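Structural characterization, general
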Amino acid sequence: MDEIIELHEQIKTLIEERRYKELKAILSEVNAIDIAEALNGLPDGCMRMAFRLLGKDQAADAFVAMEHEEQEFLIRSFTDKELVAIVEDLSVDDTVDIIGEMPANVVARILRSADAQTRKSINEILLYPEDSAGSMMTPEYVSLRPSMTVEEAFDKIRRVGHDKETIYTCYVTENRRLVGVISVRSLLVAAKTTTVAELMHENFISVKTTDDKEFVAGQIKKYGYLAIPVVDGDDKLVGIVTIDDAIEVIEEEATEDIQKMTAITPDESPYLRLSVFKIWKQRFPWLVLLMILATLTSKIIGMYETALSACIVLNSFIPMIMGTGGNAGSQSSVTVIRGISLGEIRVRDAFRVAWKEMRAAIIIGVTLAPITFLKVMYLDGLYSEPDGVVISLVISATLVVTVLVAKLVGAVLPILAKIVHLDPAVMASPFITAIVDALSLIVYFTIASSFVPALA
């Protein structure tokens with residue numbers, strides 16, 4: 001990161017001093033991704049000038065890695081000739097990603113700059129649902145025929161490979177129908193006269209154009225692929241999804257889950273680019289909802305107000321009980337939500353999950369109880385109270401039951417959310433805490449009413 005900051009300042013200084021030749025030489029030695037980061041936050045004039053000093057391939061790679069706002073600014077500042085040069089070097093899937101974030105007039109310029117075949121591919125991809133495999137695939141792959149020899153296959157790879165997203169894996173098709181996959185490594189070690197059909201793997205993994213992009217990313221991760229083929233309803237190959245796109249999806253989904261788990265409406269924009277109004281919009285509705293849910297706990301306390309006034313010492317332990325219950329529920333919910341997102345936990349596993357969490361909760365509660373008893377008796381000073389032992393036992397017993405209830409709620413609610421087609425991440429810490437708070441108070445007052453004479 002220090003190197004990026006240093007490069008950022010260096011670019012700014014050299015442009016201000018009009019030392020363009022020196023800057024061009026420096027940038028030619030820097031990775032395009034690092035250049036994209038270094039350009040972030042530069043004054044508009046400096047950014048435009050620095051970008052124009054980049055080589056053709058370097059400019060395309062840096063452009064893809066830039067934030068959407070910077071891309072839009074550069075597109076607006078490009079001449080038609082400059083825009084054509086950039087679009088020609090972009091892969092189709094990268095162009096589609098950029099188009100999805102641009103205003104209509106900018107999109108129109110990009111499409112006008114693309115050649116007819118690229119424009120057709122872009123429009124086809126844009127027809128697929130936003131979160132589908134079809135929307136993130138690229139049609140830039142190498143296809144081979146089963147009857148080709150190794151020598152013929154290499155001739156084709158040399159002829160078309162420079163325009164493709166990847167050549168490490170090639171796809172074997174008959175009348176566009178996917179029949180096998182083959183690695184360049186297999187071709188390299190085989191005799192020139194060997195046919196592709198003899199070397200290809202017919203037992204391959206593919207995804208449908210309508211499959212969810214998170215599922216596609218999971219398949220790439222599961223099988224360790226660099227790319228996975230995408231087929232239509234007739235098993236015809238229409239594109240591939242590469243590992244870089246899969247990593248981006250995994251990162252987006254993880255960010256979205258974290259935001260939902262902390263009661264924030266998801267937004268893909270970087271934090272520093274969010275306006276104060278957008279931050280308000282993300283957070284305020286959830287806080288209102290959670291505040292309304294929290295009124296349930298105050299209602300429960302109000303029901304026992306008269307009794308609590310007779311044994312005021314019980315009030316001081318309400319935060320500890322609610323806090324412990326909320327933490328216990330959050331532990332289970334986060335574990336289960338993560339398991340669901342990784343495909344480790346399915347709806348059919350609900351009873352197994354509940355049974356496991358129940359046993360864990362009992363062990364945790366039983367080991368927590370004596371610690372709680374000693375803490376309440378001696379650290380909180382109840383040993384000198386007439387009902388100190390009884391109250392300490394009540395609080396210890398309450399924590400055992402609260403932990404059990406909290407862990408069951410935390411484990412089961414995300415699975416129930418999955419059943420009704422909600423994102424399990426929504427059922428995370430804030431909601432679990434609100435529900436567990438209410439349940440822990442009911443447990444506390446029920447147990448206390450049975451054993452503390454003042455509440456009877």
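Structure first, text after, so check above.
Residues numbered from 1 in each chain as written. Predicted model: local features only at pLDDT ≥ 70, side-chain atom pairs only at ≥ 80, totals over all residues. Heavy atoms only, no water.

**Structural notes on the packing of aromatic side chains**
Rules: Two rings belonging to Phe, Tyr or Trp (six-membered ring only in the last case) form a pair when the distance between their centres is within 6.5 Å. Interplanar angles under 30 degrees mark stacking, angles over 60 mark edge-to-face geometry, and anything in between is tilted. Burial here depends on accessible area, computed with a 1.4 Å probe over protein chains only, as a share of the maximum for the residue type. Under 20% is buried, over 50% is exposed, and the range in between is partly exposed.
Taken as a whole and judged by the stated rule, the model has 7 aromatic pairs. Ring geometry for Tyr 444 and Phe 445: centres 5.5 Å apart, planes at 25°, overall stacked. The burial state of Tyr 444 is the same as that of Phe 445; both residues are buried.

**Thoughts on the packing of helix 20 (residues 350-379) against helix 21 (residues 388-419)**
As a reminder of what qualifies: Think of each axis as a best-fit line through the C-alpha atoms, taken over the contacting stretch in the case of a helix, with angles from 0 to 180 degrees between the N-to-C directions. For helices the rule is a DSSP run of H or I covering at least 4 residues; for strands it is a run of E covering at least 2, with both sets numbered from the N terminus onward. Oblique is the label for any angle not under 35 degrees, not over 145, and not in the 65 to 115 range, which are roughly parallel, roughly antiparallel and roughly perpendicular in turn. Crossings are classed by handedness, with left-handed meaning an anticlockwise turn of the near helix from the far one by less than a right angle and right-handed meaning a clockwise turn. Side-chain classes follow a simple rule in which Ala, Val, Leu, Ile, Met, Phe, Trp, Tyr, Cys and Pro form the nonpolar group, Asp, Glu, Lys and Arg form the charged group, and the remainder, Gly included, forms the polar group.
Relative to each other, helix 20 and helix 21 sit at 155°, their axes nearing to 8 Å. In terms of orientation, helix 20 and helix 21 fall into the roughly antiparallel class. As for how helix 20 packs across helix 21, the hand of that crossing is right-handed. Considered class by class, the residues forming the contact of helix 20 with helix 21 number 24 nonpolar, 5 polar and 2 charged.

**Quick notes on the sheet that holds strand 6 (residues 237-242)**
Going by this rule: In this description, strands pair whenever DSSP reports at least two bridges between them.
Spatially, 3 strands are ordered 4-5-6 in an open sheet, and the strand pairing comes out mixed. Here the strands that pair on one side only, and so sit at the sheet edges, are strand 4 (207-208) and strand 6. As paired elements, strand 5 (residues 227-231) and strand 6 share 5 bridges and run antiparallel to each other. Across the sheet, residue Pro 229 finds its bridge partner in strand 6, namely Ile 240.

**Digging into the pairing of strand 2 (residues 169-174)**
Stated precisely, the cut-off is as follows: By definition, the crossover connecting two strands over a helix is right-handed if that path, from the first strand to the second, turns clockwise as seen with the strands pointing away from the viewer.
Direction of pairing for strand 1 (residues 143-144) relative to strand 2: parallel, over a ladder of 2 bridges. For Leu 144, the partnering residue across the bridge sits in strand 2 and is Val 172. Handedness of the crossover joining strand 1 and strand 2 through helix 12 (residues 150-160) is recorded here as right-handed. As paired strands, strand 2 and strand 3 (residues 177-183) are joined by 6 bridges and run antiparallel to one another. Bridged to Cys 170 within strand 3 is Ile 182.

**Focus: the environment of Glu 256**
Of note, Glu 256 is situated in helix 16 (residues 243-261). Given the relative accessible area of 25%, Glu 256 is considered partly exposed. Residues Glu 256 and Ala 425, spaced 169 residues apart in sequence, show a C-alpha to C-alpha distance of 8.7 Å.

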